[in-house]
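Chain and residue survey
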Amino acid sequence: MIGTGMELSWGDFVGNHTTPSQPSGAAMKNVFKGMRGLIGSAFLFSLFTNLLLLTGPLFMLQVYDRVIGSRSEETLVALFGLVVFLYLFYTILEFVRARVMARVGARIHAQLNERVFDAMLERSALRKTNKGASALQDLDAVRTVFASPVLLSLMDVPWTPVFAAAIFIFHPLLGWLAIAGGALLIATSLANHWLTKRRLNEAQSVGFASNQIARQSEDGADYLWAQGMGPVMRRRWLSKQEEAQGKTLAAADWTGAFGSFSKGFRMLLQSAVLAVGAWLVLRALLHKSREGFISRIQGGSWDA
């Protein structure tokens, strides 16, 4: 099955297009077999895009460590030029990755649409059912998923340990700060899901009841108009509409609150990483200056 409401199996998709030596499962494997290279390349691009996310923090650390200490404008220009190149490379990789995944979804859709359509016609003609159209909708949904940013975000998840390990290489304190911040963001997302799911379901249920009243009023419009019951049905419909709107706004307020906190905390986390990095650099500079001070005293080269 493609979706939960789908009435057609993958065997119905291939229908008469398969042969006895090629069962439906093998046909479906052949559809996805040609996509492995494209999906693998997009997954590999995710590694580089995640590593390139370190460009901003590394740039600021280098500014603190090399530019401010040396007061070298040439160093600043060179570092900024490198940052521009890396961000341009990141943009290109993101663009290519999105295009690749969108075309994977388009190819899957193109290879299956005729089979799904034929299976829908056969099901409707032989079994006298009109539920086969949901298969076409589910196939469109598959194409949409491949073209959406959600799938790209899922491809970034396996590289998160690599990203965290790269931060630990610079300093364990930076790594633990990033992990703590990421854990808090994940907890916020889960809390948002748990607290808003029930409210959204309630709003959808009330909205569905409102639409049911509207459809019933439309079907019985002659009777309602003749009996003068139009205002009564309108009040019932408006009551459900207002209830649905209230529940939807309540869910939207919760979602907006969690979303605003997540965005603000991400910006705070970036600044916190930079602040900790600057603090580590200052500690290193202070430690070097103390060592130099002590060595000059021990060497007898202190000038008053």
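Calculation rules
Residues numbered from 1 in each chain as written. Predicted model: local features only at pLDDT ≥ 70, side-chain atom pairs only at ≥ 80, totals over all residues. Heavy atoms only, no water. Helix = DSSP H or I, 4+ residues; strand = E, 2+ residues; numbered from the N terminus. Buried < 20%, exposed > 50% of the residue type's maximum accessible area, 1.4 Å probe, protein only. Contact = heavy atoms within 4.5 Å. Areas by Shrake-Rupley, 256 points an atom, 1.4 Å probe, with all protein chains shown as cover. pLDDT = per-residue confidence, 0-100. Polar contact = N/O pair within 3.5 Å; in protein donor to acceptor, adjacent residues only side chain to side chain. Core = buried A, V, L, I, M, F, W, Y, C linked by side-chain atoms within 4.5 Å. Salt bridge = Lys/Arg side-chain N within 4 Å of Asp/Glu carboxyl O.

**Here's the deal with the overall build of the protein chain**
- Counting its regular elements, the protein chain contains 11 helices and zero strands.
- Along the protein chain, helices (α) and strands (β) appear in the sequence α-α-α-α-α-α-α-α-α-α-α when read from the amino end.
- Considering the protein chain as a whole, with its 304 residues, one finds that 26% of them fall into the buried category.
- A separation of at least 24 residues holds for 76% of the contacts in the protein chain among residues at least 6 apart in sequence.
- Working note: accessible area of the protein chain is about 20000 Å², and carbon and sulfur atoms make up 64% of it.

**A word on the confidence of the model for the protein chain**
- Summing up the model confidence of the protein chain, the mean pLDDT is 75 and the portion of residues at 70 or higher is 81%.
- Confidence drops under a pLDDT of 50 for residues 1–23, and excluding neighbours within four residues, the segment shows 45 contacts in the predicted structure.

**Focus on the side chain of Asn50**
- With respect to the helices and strands, the residue Asn50 is situated in helix 3 (residues 36–52).
- A residue is classified by how much of its surface remains accessible, and Asn50, at 10% relative accessible area, is buried.
- Polar side-chain contacts of Asn50 include one of 2.6 Å to the backbone oxygen of Ser46.
- Other than its neighbours up to four places away in sequence, Asn50 contacts Asp156, Trp159 and Phe163.

**A word on the environment of Gly246**
- Structurally, Gly246 can be placed in helix 11 (residues 230–298).
- Relative accessible area serves as the criterion here: at 38%, Gly246 is assigned to the partly exposed category.
- With 43 residues separating them along the chain, Gly246 and Ala203 place their C-alpha atoms 8.0 Å apart.

**Some remarks on the nonpolar core**
- Counting 13 residues, the largest nonpolar core has Ala42, Met101, Val104, Ile108, Leu112, Phe146 and Met155 as its most contacted members.
- Put simply, the parts of the chain that give this core at least two residues each are helix 5 (73–127), helix 6 (133–147) and helix 7 (149–156).
- When residues in this core are grouped by element, the largest group, six residues, is from helix 5.
- The contacts of Phe146, once residues within four sequence positions are left out, are Met101, Ala102, Val104, Gly105, Ile108 and Leu151.
- Core analysis: the second largest hydrophobic core is formed by seven residues, Leu54, Ala166, Leu174 and Val273 among them.

**Let's talk about the pattern of salt bridges**
- Evaluation of the coordinates by the stated rule reveals one salt bridge.
- For Glu94, the salt bridge identified is with Arg97, shortest N-O distance 2.6 Å. Of this pair, Glu94 and Arg97 both sit in helix 5, three residues apart, which is roughly one turn of that helix.
- Since its relative accessible area comes to 23%, Glu94 is described here as partly exposed.

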